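What follows is the residue order along each chain.
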Amino acid sequence: MRYMIRYLHHSEIDKERWDYCISNSNLPVVYMLSWYLDIVAPQWDALVKDDYRVVMPLMWRKKGFIKYVFQPLIVQQSGVFTVTKKNPDRELVNEFINAIPRRFRYLDYSLNETIALEHYAGNHILRKNHVLPIDKSYDAIASGYSRRCRRNLNKANQCKLHEYKNFSPAEAVDFLRLHLKKKIPAFNNYYHTLQHIIESAIERDMGSIIGAVGPGGEITGLQFNLHNHHRCTMVICAITEFGHYSESMYFIIDRIIRKYAGQLKELDFFGSNIPSVEFFNLSFGVETRYYARIKVNRLPFYLRLLKR
């Protein structure tokens, strides 16, 4: 019984042991901790094996009479996490996928970058993540910047940008809402949740907001990050029109790298498959890592056609 996978309803999850497993896994991302999942998917359940040495979250909703597993907007990767420091193998991954109860009739779910793609037997879409190793000096990291990146940092300096950190969560969310409402319409009903995440992360010393201001004191760009002992994850950002002209995002990310160089292992750019974003990320010398977005359709035949 010790090594069988157990399905746990939300009220049955030992969150202290859950968080220990996530924090000591090969991918200790903040957005898999219990407090974060409680915000983005309040009724999340879990699959647990070997006394919380291997875990998998199930974020689910109900639409009509159909229960389905979904991937929240600000949760990039999920899947199987193990405290053994050994990446999940094919047998373990498929054992967990097959253990998802049949009452969940549809799954739209991301695995994570520690799971080799050949270790998942089902259909999937390939997703990219960009990660920059920062466990060295700033100068060593900056030597990997592209010429375009260096040129844009020079432009930001010529525009006399300065770092700004004194944002309240409400001010940050108002700025993001104003400058993202047309670019990311899917986010328009999510800002209340985002503010809750930012407040909770800062309260736990796991979140920070960094921005850029122009010579007149106007905010030109803003970035919200999650961080722990291992990784800083750049979750969401926005810039103004002048921020675009002055290359504020190059300036902000360079400031983040300066702050964490030699202190953390990795800077997570949180994607992306979008060519223009990928081009931007690559200019900092990032590594490309891959993870799978899986879809499993267990709907009745007459509904299955609607979810193709």
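In this text the structure is predicted, and so the values were computed from the model without any measurement.

A. Molecular detail of helix H9 (residues 248-260). With 13 residues, H9 extends 19 Å between its outermost C-alpha atoms, agreeing within 8% with the 18 Å of an ideal straight helix rising 1.5 Å per residue. Here H9 lies mainly inside the structure; ten of its 13 residues are buried. For H9, the complete set of buried residues consists of Ser248, Met249, Tyr250, Phe251, Ile252, Ile253, Asp254, Ile256, Ile257 and Tyr260. With its phi angle positive at about 80°, glycine 262 sits one or two positions after the end of H9.

B. Highlighting the nonpolar core. Ranked by internal contacts, the top residues of the largest apolar core, which has 74 residues, are Trp18, Tyr36, Ile74, Leu194 and Phe224. Residues Cys149, Leu161, Cys232 and Phe251 belong to the second largest nonpolar core, which totals 31 residues.

C. Expanded view of the pattern of salt bridges. For the structure shown, the criterion picks out 17 salt bridges. Two residues, aspartate 268 and arginine 231, come together in a salt bridge whose shortest N-O distance is 2.7 Å. In this pair, aspartate 268 is assigned in strand E13 (residues 266-268) and arginine 231 in strand E12 (residues 231-239), connecting sequence segments 37 residues apart. Under the relative-accessibility criterion, arginine 231 is labelled buried at 3%. When salt bridges with common partners are traced through the structure, they connect Glu113, Arg231, Glu266, Asp268, Glu287 and Arg289 into a single cluster.

D. Summary view of the packing of aromatic side chains. According to the stated counting rule, one finds 16 aromatic pairs in the structure shown. With 6.5 Å between their ring centres and 50° between their planes, tyrosine 7 and phenylalanine 104 make a pair best called tilted. With a gap of 97 residues between them, tyrosine 7 in strand E1 (residues 6-8) and phenylalanine 104 in strand E7 (residues 104-110) connect regions that are remote in the sequence. Phenylalanine 104 gets classed as buried once you look at its relative accessible area, which sits at 1%. Their ring planes at 65° and their centres at 5.6 Å tell us that phenylalanine 280 and phenylalanine 284 sit as a pair that is edge-to-face. Neither residue differs from the other here; phenylalanine 280 and phenylalanine 284 are each classed as buried. An aromatic cluster is present here, built from Tyr145, Tyr250, Phe269, Phe280 and Phe284 joined pairwise through their rings. Here the guanidinium or amino end of arginine 61 rests over the ring plane of phenylalanine 70, the centre of that ring lying 3.9 Å away.

E. Expanded view of the pairing of strand E4 (residues 60-63). Of the pairings in the sheet, the one linking E4 to strand E5 (residues 66-69) comprises four bridges and is antiparallel in character. When the bridges of E5 are listed, lysine 63 appears paired with isoleucine 66. Once E4 ends, the chain turns through two residues before running back antiparallel as E5, passing glycine 64 with a positive phi of about 65°.

F. Structural view of the sheet that holds strand E9 (residues 162-164). Read across the sheet, ten strands follow the order E4-E5-E7-E14-E8-E13-E12-E11-E10-E9 without closing on themselves; strand pairing throughout is mixed. Looking at strand neighbours, the two that pair on one side only are E4 and E9, the edges of this open sheet. Across the sheet, the mean angle from the axis of one strand to that of its neighbour is 25°, orientation sign disregarded. As defined by bridge partners, E12 adjoins E13 across three bridges and the pair is classed as parallel. Within E13, the position partnered with arginine 231 by the bridge is glutamate 266. In the packing of helix H7 (residues 191-203) onto the sheet, contacts are made with strand E10 (207-213), strand E11 (219-227) and E12, and the angle to E10 comes to roughly 110°.

Thresholds applied
Residues numbered from 1 in each chain as written. Predicted model: local features only at pLDDT ≥ 70, side-chain atom pairs only at ≥ 80, totals over all residues. Heavy atoms only, no water. Helix = DSSP H or I, 4+ residues; strand = E, 2+ residues; numbered from the N terminus. Expected span 1.5 Å × (residues − 1). Buried < 20%, exposed > 50% of the residue type's maximum accessible area, 1.4 Å probe, protein only. Core = buried A, V, L, I, M, F, W, Y, C linked by side-chain atoms within 4.5 Å. Salt bridge = Lys/Arg side-chain N within 4 Å of Asp/Glu carboxyl O. Phe/Tyr/Trp six-rings, centres within 6.5 Å; stacked < 30°, edge-to-face > 60°. Lys NZ or Arg CZ within 6 Å of the ring centre and 35° of its normal. Pairing = 2+ DSSP bridges. Axes fitted to C-alpha atoms, helices over the stretch in contact; angles between N-to-C directions. Contact = heavy atoms within 4.5 Å.

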